[in-house]
Amino acid sequence: MGSQYRESEYPQGVFCSLQGSCFGPPVPSERTTVSNTVDLSIEGMTCASCVGRVEGRLNGVDGVTAQVNLATERARVTYPEGVTPAELIAEVGKAGYQAAVVEPASVRRTAPAETKGPSTPLRTRLLVSASLSVPVIVLAMVPALQFDYWQWLSLVLAAPVVVWGGYPFHRATVTNLRHGAVTMDTLITVGTLASFGWSLYALFFGMAGMTGMRHSFEFTISRGDASGNIYLEVAAGVITFLLLGRYLEERSKKRAGSALHALLDLGAKDVTVVRESPSNPGNLMAATRTEQSIPIDALSVGDLFVVRPGEKIATDGVVVDGQAAVDLSMITGESVPIEVGPGDEVVGATVAQGGRLLVRATQVGAGTRLAQMAKLVEDAQLGKSDIQRLADRVAGVFVPAVILLALATFVVWIATGSPVEAGFTAMVAVLIIACPCALGLATPVALLVGTGRGAQLGILIKGPEALEQTRKVDTILLDKTGTLTTGRMSLRQTTATGDAGTALRYAAALESASEHPIARAIVAANAGTGGAAAPLPEVTGFRATAGLGVSGTVEGHAVLVGRPSLFPGPLEARLTQAIESSTGTAVVVGWDDEARAVLDIADTVRSEAPAALAELVSLGLTPILLTGDNARTAGEVAAAVGIDEVFSGMLPEDKVATIRRLQSEGRVVAMVGDGVNDAAALAQADLGIALATGTDVAIEASDVTVVRDHLGTVPDAIRLSRRTLRVIKGNLFWAFAYNLAALPLAAFGLLNPMIAGAAMAFSSLFVVLNSLRLNTFR
């Protein structure tokens, strides 16, 4: 099949760089409506059924459409005229939760401090509960360790776990019941308090408190006096296991906003503004001007500010004076810095290299390109996965059904003439066997093992949603610079009319003092050909011409290195052909008014890229190249690695729009990138994969991060993710199958609470052992 090379199909702005990349306000990909949109932070949600209840409340208001995300604890609400945010907050309050309006990322000038890891109270609650529960479980399950009065020691140890350790579940249960709702928290509270309450009854009013009492294992429920059994290990064990699941879940939540925080942190924090001197008005470049450092928040449109070499450009603006090479890879992905001068537009958070600029601010705050990129990332993070929707449906049916079954079990046993103790024991067995311990561990334990194995292989998987998408992905988009290529400039080819070595040595001598990527590539190429063994010749009369090249005298020759326009008259045919065929940057070297050589400087394709692309195709994925570079360069890279379809000239919003269009066509899209300009696309894609050699923003916005600087790890990451997902689904299947099989046994008196507790522990053990199989992944 022939290659397809497409230029960006979206309108660009008014400023274009020398490489053809343009800047301007993003073009909306969808038709806007007159409806208002607000983001709300929601406090108090603990499970999928909480999400369903909040959405139900908000969507119940006429004209309101709400989408709630449990991981980010946020709701995006679209509401018509006549409805206010205060009314929406009130509706959330009626559901039993607290809400507040969230300021959009595009107007937040600085990022909030990120909390690292789960909260200290939750971690403390888990550690204390675990240390108290382990001896209770061991004593109950190993009769040989049971000593006189062991049951009272178990009570002392288990009581704090049930009351204090389980407080978050009990509090959520009470809150939900006040609003007429039941959740997984309700099931946990009822089951653990029932087993704990029955144990208290058996200890204080039954036979369980007698000296010398021992637990005996019986598979069936006695229809006589069952007051000699205690189930403290069940109550304490369930609480501890579920606190572990909550802890692992909280770790994922704390990372949800990292991409946005990292993106907002890219911007400059301070800026040096230039104030006009009253003694010399109108001459801002005069020696009498004053410079003052102010916080970025104090910068206004129209202010003039200074950008020194190596500094970030504070905000979007127009160059008033000065020359510099600006690294725009954050926006365009292009590896070659662009020379800018008076009249050229520059973008905030990009870095000026090798020159000093005076810039007039044209956009601040929400209008800057950085803020618009942050908005794209924030919008993409508010989606909801299929796993969350499935959990919504299961929670809405499973919990009420179990509670009704438990009550029906008690009623039937009493109606058939059995003692109250036996009926209550059967009811407790139903509640305990239904406690979602294995369900709660099915995903986090497999995720923990899978991500641990991935870390050993240089693959970081951020959550179950990423695993879910790997199974469905059928299209994979790859960035060019830094992903398919090394991201480093190097000398690819030298075309010379005479001695190529002399031309390279003269060029390296002139460029040796420069930090420009092209200059460094020339110096490195000279060193690689043996030039490092001898010192570079001395340069006199050095002069740099902004945007064109450098010149100087080397070994008595007047040497020029730079663009073809530096040389008078036409170049030789072979040199002209080398320039025209170059897909990188063609640097001409000459001396004594004659061009002698053309150095083809370009970003190089990764050596492992063709094999990695072939493996991705074998996994059923269709690769597409998505880059900000021009069509010619993109086409050459695509041909080298075996990609047939190319989208070139893409700005960040173009990449996002392309992904959305592919998704609207029914494709499930993965995106591989490494730059800030890829962050929004990585967040919008169904599966974002970032190379860790790239920027922090790209890494945080992705679902999977490849730590090793090797593109071949990307197909390994997809294979590991798919296998981890299969293990998770297997865990969930057996946890559900265990509940479905065990509930009737418990209801008919064939499974007492003691065995129910052991069966619950076994189901959890099975989930752990099944998950450990991921350690064998190669």
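Fair warning: this is a prediction, and the values are worked out from it, not measured in the lab. (Residues numbered from 1 in each chain as written. Predicted model: local features only at pLDDT ≥ 70, side-chain atom pairs only at ≥ 80, totals over all residues. Heavy atoms only, no water.)

Some words on the packing of helix α12 (residues 420–434) against helix α24 (residues 713–747)
The geometry of α12 relative to α24 is characterised by a closest axis approach of 8 Å and an angle of 175 degrees between their N-to-C directions. Of the possible angle classes, the one that applies to α12 and α24 is roughly antiparallel. Counted together, A426, A429, V430, I433 and A434 of α12 and Y738, N739, A742, L743, A746 and A747 of α24 form the full contact between these two elements. Split into classes, the residues belonging to the contact of α12 with α24 amount to 10 nonpolar, 1 polar and no charged. (Axes fitted to C-alpha atoms, helices over the stretch in contact; angles between N-to-C directions. Helix = DSSP H or I, 4+ residues; strand = E, 2+ residues; numbered from the N terminus. Parallel < 35°, antiparallel > 145°, perpendicular 65-115°, else oblique. Contact = heavy atoms within 4.5 Å. Nonpolar A, V, L, I, M, F, W, Y, C, P; charged D, E, K, R; others polar.)

Thoughts on the side chain of T724
Topologically, T724 is positioned in helix α24. T724 has contacts with A446, L447, G450, L467 and L774, leaving out every residue within four places of it along the chain.

Description of the UniProt feature "transmembrane region" (unreviewed entry) in the protein chain
The feature "transmembrane region" (unreviewed entry), as annotated in UniProt, sits at residues 126–143, 149–167, 187–210, 230–248, 394–416, 422–449, 731–748 and 754–772 in this numbering. Along residues 149–167 one finds 89% helix and 0% strand; the C-alpha atoms at either end are 27 Å apart. Between the end C-alpha atoms of residues 731–748 there is a gap of 26 Å, over a span that is 94% helix and 0% strand. (UniProt positions renumbered as here; feature names shortened; annotations may be inferred.)

Comments concerning the pattern of salt bridges
Scanning the entire structure with this criterion turns up 18 salt bridges. Taking the shortest distance from any N to any O, the salt bridge between E91 and R57 comes out at 3.7 Å. Highlighted residues: E91 in helix α2 (residues 85–94) and R57 in helix α1 (residues 48–59), separated in sequence by 34 residues. Accessibility expressed as a relative area gives 16% for E91, which makes it buried. For the salt bridge of E594 with R596, the shortest nitrogen-to-oxygen distance reads 3.8 Å. In this structure E594 comes out as partly exposed when scored by relative accessible area, which is 36%. (Salt bridge = Lys/Arg side-chain N within 4 Å of Asp/Glu carboxyl O. Buried < 20%, exposed > 50% of the residue type's maximum accessible area, 1.4 Å probe, protein only.)

Here's the deal with the environment of V656
Note that V656 resides in helix α21 (residues 652–664). Assessed through its relative accessible area of 3%, V656 is described here as buried. Sequence spacing of V656 and A683 is 27 residues, and the spatial spacing of their C-alpha atoms is 8.9 Å.

Focus: a nonpolar patch on the surface
A cluster of nonpolar side chains, F733, W734, F762, L765, F766, L769 and L772, forms an exposed patch at the surface whose accessible area comes to about 730 Å². For the nonpolar patch, the secondary structure elements donating two or more residues are α24 and α25 (753–772). By residue number, the principal contributor to the nonpolar patch is α25, which donates 5 residues. Residue position: F762 is located in helix α25. For F762, a relative accessible area of 55% translates into the label exposed. (Patch = residues over 30% accessible without salt bridge, like charges linked within 9 Å, V, L, I, M, F, W, Y side chains within 5 Å. Areas by Shrake-Rupley, 256 points an atom, 1.4 Å probe, with all protein chains shown as cover.)

Here's the deal with the side chain of T658
Take T658: it is sitting in helix α21. Given a relative accessible area of 1%, T658 falls into the buried group. A distance of 2.8 Å separates a polar side-chain atom of T658 from the backbone oxygen of D654. (Polar contact = N/O pair within 3.5 Å; in protein donor to acceptor, adjacent residues only side chain to side chain.)

A few points about the pairing of strand β4 (residues 36–43)
Relative to strand β6 (residues 74–79), β4 runs antiparallel, the two sharing 6 bridges. Its bridge partner lying in β6, L40 is registered against A75. Sheet analysis places β4 next to strand β7 (residues 98–102), joined by 5 bridges and oriented antiparallel. Following the sheet pairing, S41 is matched in β7 by A100. (Pairing = 2+ DSSP bridges.)

A few points about the packing of helix α16 (residues 500–511) against helix α17 (residues 517–528)
Contact geometry for α16 and α17: axes closest at 8 Å, N-to-C directions at 135 degrees. Taken together, the axes of α16 and α17 are oblique relative to one another. With respect to the hand of their crossing, α16 and α17 are arranged in left-handed fashion. Taking contact as the criterion, the partners of L504, R505, A507, A508 and E511 in α16 are, on α17, A519, I522, V523, A525 and N526. Residues of the contact of α16 with α17, tallied by class, amount to 7 nonpolar, 1 polar and 2 charged. (Left-handed = near helix turned anticlockwise from the far one by under 90°.)

Considerations on the sheet that holds strand β16 (residues 357–361)
Sheet architecture is open: 6 strands sit in the order β9-β8-β10-β16-β11-β14, paired in antiparallel fashion. Two strands close off the open sheet at either side, each with one partner strand: β9 (290–295) and β14 (345–346). Bridging between strand β8 (residues 270–275) and strand β10 (residues 304–307) involves 3 bridges; their strand directions are antiparallel. Bridge assignment links V273 to a residue of β10, and that residue is F305.

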